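Spelled out, the chains give:
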Amino acid sequence: MKPDLYPVILGMAAVTYLTRFPPLWLGGRVGFPPRVRRGLSFLPIGAFAAMVVPPVAFHQEAHRFNLYVPAALAACLVALFTRKPLPSMLAGVACLAALRAFLGG
Amino acid sequence: MYNILYEGAPRMTATKPVWAGARDMIPFSLGIFAYGIVYGVLARAGSLTLGETMSMSALVFAGASQFMALALFQQGAAGLAVVLATLVVNLRQVLYGISLGPHLKGTARPKLALLAHGLVDESYGVAMVACASEACGPGYFLGAGLGAFAPWVASSLAGYLLAGFLGDPFRFGLDFAFIGAFTGLLVSQLRSRLLVGVAAGSALVAVVVWHFLGSNWSIAAGALTACLLGVVTGEA
């Protein structure tokens, strides 16, 4: 018999909310010195890079090629010209789908 | 010159801010939807009830930790372990809140408490890019949050109910949607050689951290690296 999951789900919700609301509230109340403000404005770039590069580098496809690499190159190329997330996403997804269809992945 | 994220950001002309936020989320909503389907399918396969599946999506609303929880339930992990692991996976959001907070300054606390629930990777990224170019307030962030929440909850439900009929939601390459959309956001922000260097340095640290500590810490490590580089390269 499966144990009751609701208390666990509520616990997960509580700790997740703790990572959301208090920092957001504090961030609006604490006056940061200029250098820290500059650092915080750089933060998204580091987060974006960390969301993109390691999952591509460590991706394992069903067959021997890491198809995320060409997909990421396609997304990058389109991003360089359009500077917009939607066309970049579509280019990466289309490239991946095409390669998988071609390679029978 | 603290706002480094300016040109090429989504436009918010005469549109209502809530709609602008939701609209700018569209490239991300698609990927969120695809992952939500997978979550719903896996939750059902892990013999969660519909109520458990949906309350997790609505109340926890954090993709990576929900997938991790499913895996831990499967292994029969203790509840406390699942909660602690969730905290670890979501710690990066502390950094998001601190950096986004100043842009939502002055929002009434109950309103902010509600908006906070919509803080995820995608809404944070979209909002930070928009906030740097134009005045962006609680309305915009509400739209961005809903642009993540609505597809996640809807697709969790669809995945659970239609498991077995939908086939693999990733067969059209949609597993790459998240990375592809963030690639666009990242490249759009690389407006100077310094920022290219910051991105490269952060990516390198994230790769090393992923290799040695696993994926739970890599995003926080990359974000902190960029923040630190911003502090040390600032004019005294």
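Above this text is the structure in question.
Residues numbered from 1 in each chain as written. Chains lettered and ligands numbered in written order. Predicted model: local features only at pLDDT ≥ 70, side-chain atom pairs only at ≥ 80, totals over all residues. Heavy atoms only, no water.

The subject of this paragraph is helix 3 (residues 50-60) of chain B. Residues three or four positions apart in an α-helix share a direction because the helix packs 3.6 residues into each turn. Within helix 3 of chain B, burial applies to E52(B), T53(B), M54(B), S55(B), M56(B), S57(B) and V60(B). Directly beyond the C-terminal end of helix 3 of chain B, a positive phi value near 50° is found at F61(B). (Buried < 20%, exposed > 50% of the residue type's maximum accessible area, 1.4 Å probe, protein only. Helix = DSSP H or I, 4+ residues; strand = E, 2+ residues; numbered from the N terminus.)

With that settled, the discussion passes to helix 2 (residues 26-45) of chain B. All names here are of chain B. For helix 2, spanning 20 residues, the distance from its first C-alpha to its last is 29 Å, which sits close to the expected 28 Å at 1.5 Å a residue. The set of residues buried in helix 2 consists of P27, F28, S29, G31, I32, A34, G36, I37, V38, Y39, G40 and A43. In the stretch just after helix 2, S47 is the one whose phi turns positive, near 55°. (Expected span 1.5 Å × (residues − 1).)

For the rest of this paragraph, the subject is the environment of V196(B). Among the structural elements, V196(B) can be located in helix 11 (residues 193-213). On the basis of relative accessible area, V196(B) is assigned to the partly exposed category, the value being 41%.

On to the packing of aromatic side chains. All names here are of chain B. All told, the structure shown has 12 aromatic pairs over all chains when counted by the stated rule. With a centroid separation of 5.0 Å and an interplanar angle of 80°, the aromatic rings of F61 and F149 are classed as edge-to-face. Taken together, the residues span a long stretch of sequence, with F61 in the loop between helix 3 and helix 4 (63-74) and F149 in helix 9 (residues 138-161) at a distance of 88 residues. Residue classification places F61 among the buried positions, given a relative accessible area of 3%. Given a relative accessible area of 24%, F149 falls into the partly exposed group. In this structure an aromatic cluster arises from ring pairing among Y35, Y39, F67, W152 and F170. (Phe/Tyr/Trp six-rings, centres within 6.5 Å; stacked < 30°, edge-to-face > 60°.)

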